[in-house]
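Now for the letters of each chain:
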Amino acid sequence: MLFLLLACPSPTDTRPVSVIDTDDTGPGSEADEHCGTIESDTTWYATRAHVVSCDVVVARGTLTIEGGAEVSFDEGTSLSVGTEGYAAGLVIDGEEGGVVLQGTSDTGWDGIVVGELADGVAFRGAVLRGAASGVTVNGVEVEVRGLALDGAADVGLSLLDGARLAEEAEGLAITNAGGYPVVVDVSAVATLPALGSSYSENGSPMVLVEGDEIDASATWEDLGVPYAITDTVDVGGVAGEPAVLTVTEGAEILFDQGTTLRFSRTGSASQLVVEGTGDNPVRMAGLGADVAGYWAGIAIGTGASAASVSWLEISGAGESGGAALSLDDTDLWADHLSITGSEGDGLLMEGTAAFAPGSTDLAVSGCDVPLRLPGAAVSTLPLPGLSLAGNTRDAIAVDGSGKLTESATWASVGLPYWVIDNIELNGDAEHVAVLSIAAGATLLFDTGAGIFVGKDGAAGLVVDGTADAPVTMLPWSAYVAGAWAGIGVYGLADAASVRLSHVDVGYAGGAALRGAVHVDDSSLALDNVYLHDSLEYGLYLTGTATADTSTVTYANNTLGDCSGCE
């Protein structure tokens, strides 16, 4: 039985006539026609066919569509809920029997719109076919326990203005959409289900992610299609409740040109966790072009917890002057991290950032400089599986803070250390800061840079070269006398911890150091040391300085080989 609410609209009233079902539980040979506004709890039963002849708006109450029901929509019509200034609900309850919503002709219908005042919207066992815009949800949470969207002319599912799916959503299948299967705010990406779901076979084979902020923990699963990030995204929670972004195995995230994934940009609490595997790594790359510097990269700032990444591939990031992955005052635990194609650095660490113990298998190629690290972080390099070849400048840049207050070892890694700033070794009375440089290592110094031992605290320098694998210390660029400062050893140095063995020190003696090796009120052990092409002296001893020079070799030092030697 149908009840006509507005039998005689005025000639100037363009609103549709409102037709509301009061009872359609009985059998009938004809379809029930629906058109207009629903203002109380209403059920469309499976015992009757249903045809929507004009837009239906659920303004108040809840519309329930019973399992087994079939609803046909005339061309250009739609079903909306919670759009008229009052709370309203929609429950498509097809867990038993299913519910099919489709057009009455091949020209299609407009779809379902869930407004920001909707309350209690659930899709359970629902099938929508041929809806131009599929399902559009604005700013509210909806339940999905089986929703199939097929043949949308544009987007299958739009979750706008913070709209999201309710916890434990499952069974979302979107196929044959003309555009994206899903458009979603970045804050709600984690609500998209992988369980029993499919997002492939659509015009744009990826989930379009909009918005710029994640302020709570979220997990991004492999949906079988990539996530397309269109804005720079900031991840940050509050103290005690960090926003942890977890990316699970197999997920692929593509970033639009110039965009960045940033953690704790303003000191907020956050963390990046990547859980790729050997069979299913996580991939982060450019959206539309996998070329060096296409997107800005991942930036992890002060306030973030240590990043943890397993089997992560980063490509096409790192604008000129930037880095594909940068960390400031934050440690990184990495297991099979691959970085390729950066216009700037591959991996940049600043402040107190370092590699966490147990890191392994770091590979960087196709970048300007593979690594740029503070001096204290060099000793934390993950040596097992380290591969840094194939970059424009194959060197590890030692930049930023060069103050070492704890003992450290710089290994020989097959490419030089490019020392850009001074390395200053200063411990204290209880902790002598000793820098050990392994056999075969090469250190190339920028203009004016050098190593300074024990100037302001107890320190030592041990250069462990051998006859077969000497240590080399030369300029980064021009081989001219005084191109870099050299080695300075001062009165607070621990004499027992200063020794140079099988080392080549050349073209130094600048920046107030009068020798390639300059010793002031201290002593050191020299074993097969080659000092050459110094701006002043090869070896300069002053004050109470002493050294055994019996195995030192000199050449081409401007003012002489040794000043202060007996």
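Structure first, text after, so check above.
Here the structure is a predicted model, which means the values were calculated and not measured.

Reading the values: rules and limits
- Residues numbered from 1 in each chain as written.
- Predicted model: local features only at pLDDT ≥ 70, side-chain atom pairs only at ≥ 80, totals over all residues.
- Heavy atoms only, no water.
- Helix = DSSP H or I, 4+ residues; strand = E, 2+ residues; numbered from the N terminus.
- Rg over C-alpha atoms; globule rule 2.2 N^0.38 Å.
- Buried < 20%, exposed > 50% of the residue type's maximum accessible area, 1.4 Å probe, protein only.
- Contact = heavy atoms within 4.5 Å.
- Areas by Shrake-Rupley, 256 points an atom, 1.4 Å probe, with all protein chains shown as cover.
- Lys, Arg positive; Asp, Glu negative; His and termini not counted.
- Charge placed at Lys NZ, Arg CZ, Asp CG, Glu CD.
- Core = buried A, V, L, I, M, F, W, Y, C linked by side-chain atoms within 4.5 Å.
- Pairing = 2+ DSSP bridges.
- Polar contact = N/O pair within 3.5 Å; in protein donor to acceptor, adjacent residues only side chain to side chain.

## Brief notes about the overall build of the chain
Here is step 1: Counting its secondary structure elements, the chain contains zero helices and 51 strands.
Here is step 2: Taken over the C-alpha trace, the chain has a radius of gyration of 34 Å; the compact-globule value for 566 residues is 24 Å, which it surpasses by more than 25%.
Here is step 3: For the chain, the spread of C-alpha atoms along the three principal axes comes to 120 × 45 × 40 Å.
Here is step 4: Looking at the chain residue by residue over its 566 residues, the buried ones come to 52%.
Here is step 5: Counted over contacts in the chain with a minimum sequence separation of 6, partners at least 24 positions apart contribute 62%.
Here is step 6: Taken as a whole, the chain presents about 22200 Å² of accessible surface, with 47% of it coming from carbon and sulfur.
Here is step 7: When the 16 positive and 79 negative side-chain charges of the chain are each reduced to one mean point, those points stand 4 Å apart.

## Thoughts on the nonpolar core
Here is step 1: Formed by 145 residues in total, the largest nonpolar core has its most connected members in I112, L332 and M473.
Here is step 2: No other element matches strand β32 (residues 332-350), which puts six residues into this core.
Here is step 3: Every residue in contact with I112, bar those within four places of it in the chain, is listed here: L79, L90, I92, L101, F123, L128, G134, V135 and T136.
Here is step 4: Of all hydrophobic cores here, the second largest spans eight residues; its members include V155, M206, L208 and L254.

## Brief notes about the pairing of strand β43 (residues 471-475)
The two faces of the sheet receive side chains in turn, since in a regular strand these alternate between them.
Here is step 1: β43 sits mainly inside the fold: five of its five residues count as buried.
Here is step 2: Strand direction decides the pairing type here: strand β40 (residues 442-445) and β43, joined by four bridges, are parallel. Bridging across to β43, L444 finds its partner in L474.
Here is step 3: Pairing analysis gives three bridges linking β43 to strand β45 (residues 493-506), with the strands arranged parallel. Following the sheet pairing, T472 is matched in β45 by D504.

## Overview of the side chain of N426
Here is step 1: Summarising the element assignment, N426 is placed in the loop between β38 (423-425) and β39 (433-437).
Here is step 2: Overall, N426 belongs to the buried group, its relative accessible area being 14%.
Here is step 3: Side-chain polar atoms of N426 contact the backbone nitrogen of G457, separated by 3.1 Å.
Here is step 4: With sequence-adjacent residues up to four places away left out, N426 is seen in contact with L404, T405, A433, G454, K455, D456, G457, A458 and A459.

## Remarks on the environment of P193
Here is step 1: As for its placement among the helices and strands, P193 is situated in the loop between β18 (182-185) and β19 (207-210).
Here is step 2: Here P193 falls in the buried class, since its relative accessible area comes to 3%.
Here is step 3: Along the backbone, P193 and V144 are 49 residues apart, and their C-alpha atoms lie at a distance of 9.2 Å.
Here is step 4: If we skip the residues at most four places from it in the chain, P193 touches L165, A169, E170, L172, Y199, E221 and L223.

As far as function goes, none of this settles anything; it's purely spatial.
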